[in-house]
Each structure stands twice: as structure tokens, then as C-alpha cells.
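# Coordinate inspection notes
The residues making up each chain are set out below.
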Amino acid sequence: MDRFTIEGGTPLSGSIAASGSKNSVLALMAATLLTDETMTLSNVPRVRDVETMASILDHLGLRTGWESPDTLTVEGGEPTRIEAPYDLVRTMRASFMVLGPLLARSGHARVSLPGGCAIGARPVDQHLKGMEALGAKVELEGGYVEARTDRLRGGRVVFDLPTVNGTQNVLMAACLAEGETSIENAAMEPEVQELIAVLRTMGARIEKSGPDSLCVQGVTRLSGLRHFMAGDRIEAGTLLCAGAVTRGEVEVTGVNPQHMVSVTGKLSEIGFDVRVNDDSISLRPGDVARGVRVKTAPFPGFPTDMQAQIMTLLTQTEGVSAVTETIFENRYMHVPELCRMGAEIEIDGRTAIISGPTRLSGAPVMATDLRASASLVLAGLAATGVTHVRRVYHIDRGYERIESKLERLGGRILREAE
Ligand code: EPZ
């Protein structure tokens, strides 16, 4: 296992390009099951989750390959298997998104239930409710979902909550269902919007019938395409927080600022000077950096995937801040580790109260999920002394060579075998 050794105290400065969106590309990779033709995705981040999804597609009988370091090709075709095995699904829950496309193409799918993860139980009941609304017969057996249908038929899906992958899963199934499907209380995250745009280019007939509802007219086939991935809004937010927490001057390019209004707005509210251009965002310190209230919410609200990172920043701002996590029930694993470094954070129910500024001192720390790990790297950059962040495989799941990006910005960070 690798660890990062970080020597804190250096203000970051410079410009860095964000990689393509990890969460968006996972949904688009599932969408390759919907067509017999080749899909070519460029600006794809070489992260572990993408490798895992590629091996699942290979397992299902598609042929994945790399045309260039950041360009993934998936040769479509009839899936030769309909089962996504437990040992792959458990490592990356997004693989559950092959359920809808497999049902739509083969009328049969056997996908392992993803199980919970560090940040919460994360059930998939909404995904299954959607598939049943499209006429699938769904059974749970031995930790697997067994779903069958002669032909998916359009129906009405009303989600109890705006699930991102649930919306993507059901949307992909509905594109090849017979007739019209309405999806209500749908998630509208940028990753959902990118999937809608790609499916439309492939020939799907999808209309927005309301601020959070979609109307799909099923078609009989979809074509392949070439697509350039949008930049990763969460990686961009993480890199901006790295600049902010070290009181440096950082520009992040290759990202759409419209995907990050709640994050850039919150950084401005704290007191940073944030400027946006067409595909870049720059940040520099303001006169003060004040504590604020943050409440995570579905898009366009403040993203839960940025909660741990902004909490690290709030340990360095003047006064008391409050962070409320409304999406997942256990997404504060970074808090005890931040406190070991000197942060003053108290958790009261779903809200964390942060008093700042506190002097962080380097320490050996470890996290158990992707974004908590990223928040510890930010803390190491701000701390005095040396921080060892262990088990960086969590970070490698969703950030492409984050240590080289931070080094290019002047961060003193080294990857070492532990
Ligand atoms: C996606 O997960 C992202 N992952 C997550 O990013 C992100 O945190 C999350 O959306 C919320 O924005 C990918 O896109 C691969 P949800 P997803 O379904 O779709 C509950 C990261 O760090 N729920 O929108 O699985 C669920 O328990 C990852 O990059 C049900 O109850 O999230 C959660 O409390 C972490 N039943 C809430 O909804 C369901 O059937 C939101 O989950 C589905 C979800």
C-alpha cells in the first residue's frame, strides 16, 4: 500500500488542469452496453474506478481498450454474459448501473447488490423500483438482484429522493423500453445532464418535462459516438480548496464553472477572491477568511462530495462554522483524524461545529473513503510539520495522480510505498 508524505506550510500557486469527471465517465461506460457500435470517450481519468468498470464491461463481453492515455474505446455488441459478479461490484458500487442497460439489451440481468460502504448503507431500492415500473420482474437471491423481462415497457417512475445513479440507471433502461417513460424527482447533477446529452447524441429521445422530471420515448436501437468528457467538478473543487487552505493563488482549468456555483459561491462567502472564466476558476486570498454555514444538498446545492474538503478549510477560518451533511448518514470519518492534527470539531447529530482558526500539526493519518482521504491531504498541506496519509488507494479511486497535480502547484508531497 502507498502513502503520501506531505510537508505542510507552502502556499500553493499556479495553474492546473482538472482531469475528466470520474463519476460521469462511470455512467457513460455503463451506457456503452446500450449500443452495438463503438463508443470512444476522451479526457477520461486513469483512476481505479474506471479500470474496475472496464473490467466489468470486458466480463460482460464488450471489448475495452485505450486509443491513447486518456481515450477509452468500448466496442459494443450483444453482451455475452448478463452477470456482474460480487467481487467486482463490491469494489465499486457504481457498477450497479449495468443493471438497466443489461435489462434493456438482454431482458435479463444478474447483478450483485453493492452492499453498504464506509459513508452509509446506500440502498438501491429506488433503482429496483424504477426497473419494476418499466415492467421488469425483480427478485433478490443470495445477495444478487435477478431481473428479467420479455421487453421493457415505458412507465411512470417517481423517485422518493433524487438518486444520481438511480436516475442514470433507470434513464438508460427507459431509452430502449417500448413507449413513453416519465421519471419524476430525478437527480439533475451535471453527471446526469452529461449522460442525457450523450444518450441524445446516440439517438435517444429524452425531454426535460420539468425542473426535475424527464420524459423518454423509447427507441429500438442506439448508435455509438465519440465524446470528450467534462472536467471533474469535485476534483476542481478539491484543488481550489488546496489553494485556499494554504492561502495560495491557484487556477483550475478544464472545468465548467456552472457545475460549481455552490462551491465557488461558498469560497467567496468565506472571503476568497474567486474569478471564473469559460472553462477555468481562479482563487486567491481575500483580506479575511470567515467561518460559514455549509449544508450539503442535491445539485445545484453544495455537493456532499465536497463536504470533507471544505471542512478542512473551515478549520483555518476565523470563528465558528457549521457543516450539515444531509445526503449520507456517516460521512464524518475525516473528523477524528482532523482533530488528531489539532482541529476543533464537534459533531452534534448531522452537524459538525468547527472552531477556527486552529494550528494543524502534521501527524500520521488514515481515512476510509475517497473524499475523507482527500480532506486529510489538504490538512497536511496546511499543517506545520510532516503528515503521512496512509492507504492512498482510496484516493486513487477518484483522483488521477493528485500528488503530481499538487506538486506542480508547489505542494511538498511524495508518494511512497508503505
Ligand atoms: C453518486 O452516488 C456519486 N457516485 C457519489 O459520489 C455522490 O456522493 C452521490 O451521487 C450524491 O451526489 C457516482 O456517481 C459513482 P445517490 P449515488 O443515489 O448515485 C440514498 C464520490 O465520492 N439512496 O444520489 O450512489 C443514498 O443512500 C461518490 O465520488 C437510497 O436510499 O448516490 C443516499 O443517502 C460518493 N436508495 C442518497 O440516496 C437508492 O436506491 C443519495 O444517494 C439510492 C440512493
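The structure reproduced in this document is the subject of the present report. (Residues numbered from 1 in each chain as written. Predicted model: local features only at pLDDT ≥ 70, side-chain atom pairs only at ≥ 80, totals over all residues. Heavy atoms only, no water.)

Here we come to the overall build of the protein chain. Helices and strands together make up the secondary structure of the protein chain, namely 14 helices and 24 strands. Taken over the C-alpha trace, the protein chain has a radius of gyration of 21 Å; the compact-globule value for 418 residues is 22 Å, and the two agree within 12%. Per-residue burial over the protein chain gives 57% buried out of 418 residues. Look at the contacts in the protein chain between residues 6 or more apart in sequence, and 72% of them connect residues 24 or more apart. Approximately 15,900 Å² of the protein chain is accessible, and the part contributed by carbon and sulfur atoms is 48%. Here the protein chain contributes 43 positive and 52 negative side-chain charges, whose respective centroids are spaced 1 Å apart. (Helix = DSSP H or I, 4+ residues; strand = E, 2+ residues; numbered from the N terminus. Rg over C-alpha atoms; globule rule 2.2 N^0.38 Å. Buried < 20%, exposed > 50% of the residue type's maximum accessible area, 1.4 Å probe, protein only. Contact = heavy atoms within 4.5 Å. Areas by Shrake-Rupley, 256 points an atom, 1.4 Å probe, with all protein chains shown as cover. Lys, Arg positive; Asp, Glu negative; His and termini not counted. Charge placed at Lys NZ, Arg CZ, Asp CG, Glu CD.)

Moving on, we come to the nonpolar core. Ranked by internal contacts, the top residues of the largest apolar core, which has 72 residues, are Met-29, Val-98, Leu-99, Leu-171, Leu-199, Ile-206 and Leu-222. Per-element accounting of this core gives the leading share, seven residues, to helix 1 (residues 22-31). For Met-29, the contacting residues outside a window of four places in its chain are Leu-41, Val-50, Met-53, Ala-54, Leu-57 and Leu-72. Membership of the second largest hydrophobic core comes to 64 residues, among which are Ala-18, Cys-241, Ala-244 and Ile-270. (Core = buried A, V, L, I, M, F, W, Y, C linked by side-chain atoms within 4.5 Å.)

Attention now goes to the side chain of Thr-304. Looking at the element boundaries, Thr-304 is found in the loop between strand 18 (293-295) and helix 10 (307-314). The buried category is assigned to Thr-304, whose relative accessible area is 11%. Separated by 2.8 Å, the side chains of Thr-304 and Arg-331 make a polar contact. Setting aside its immediate chain neighbours within four residues, Thr-304 contacts Thr-296, Glu-325, Ile-327, Phe-328 and Arg-331. (Polar contact = N/O pair within 3.5 Å; in protein donor to acceptor, adjacent residues only side chain to side chain.)

The environment of the ligand is formed by 21 residues, the closest being Gln-126, Thr-163, Asn-165, Asp-305 and Ile-327. For the shell around the ligand, the elements supplying multiple residues, two or more each, are helix 1, helix 5 (125-133), helix 6 (164-175) and helix 12 (370-382). Among the elements that take part in the shell around the ligand, helix 5 stands out by supplying three residues, more than any other. (Near = heavy atom within 4 Å.)

The four strands are arranged 2-15-17-16 in an open sheet whose pairing can be described as mixed. In this open sheet, the two strands that pair with only one neighbour each are strand 2 (13-17) and strand 16 (273-276). In this sheet, neighbouring strand axes are inclined to one another by 10 degrees on average, regardless of whether the strands run parallel or antiparallel. Of the pairings in the sheet, the one linking strand 16 to strand 17 (residues 280-284) comprises four bridges and is antiparallel in character. Across the sheet, Val-274 pairs through a bridge with Leu-283, a residue of strand 17. (Pairing = 2+ DSSP bridges. Axes fitted to C-alpha atoms, helices over the stretch in contact; angles between N-to-C directions.)

This part covers the packing of helix 8 (residues 233-245) against helix 12. Two elements in contact, helix 8 and helix 12, have axes separated by 9 Å at closest approach and are oriented at 20 degrees. Considering the angle they form, helix 8 stands roughly parallel to helix 12. The hand of the helix 8/helix 12 crossing is right-handed. Each of Ile-234, Thr-238, Cys-241, Ala-242 and Val-245 in helix 8 lies in contact with helix 12, whose residues at this interface are Arg-371, Ala-374, Leu-378, Leu-381 and Ala-382. (Parallel < 35°, antiparallel > 145°, perpendicular 65-115°, else oblique. Left-handed = near helix turned anticlockwise from the far one by under 90°.)

Given a rise of 1.5 Å per residue, 12 residues ought to cover 16 Å, and the 16 Å separating the end C-alpha atoms of helix 2 (residues 48-59) matches this to within 8%. Within helix 2, burial applies to Asp-49, Val-50, Thr-52, Met-53, Ala-54, Ile-56 and Leu-57. Looking at the packing, one finds that the buried side of helix 2 touches helix 1, strand 4 (63-68), strand 5 (71-75) and helix 3 (86-89). One or two steps after helix 2, the chain reaches Gly-61, where phi turns positive at roughly 105 degrees. (Expected span 1.5 Å × (residues − 1).)

Taken in spatial order, the four strands line up as 10-11-13-12 in an open sheet, and their pairing is mixed. The open sheet has two edge strands, strand 10 (156-158) and strand 12 (205-210), and neither has a second partner. In this sheet, neighbouring strand axes are inclined to one another by 15 degrees on average, regardless of whether the strands run parallel or antiparallel. The pairing of strand 12 with strand 13 (residues 213-217) spans five bridges and is antiparallel. Note on strand 13: the bridge partner recorded for Lys-208 is Leu-214. Relative to strand 12, helix 7 (residues 190-201) is tilted by about 140 degrees, and along the sheet it contacts strand 12 and strand 13.

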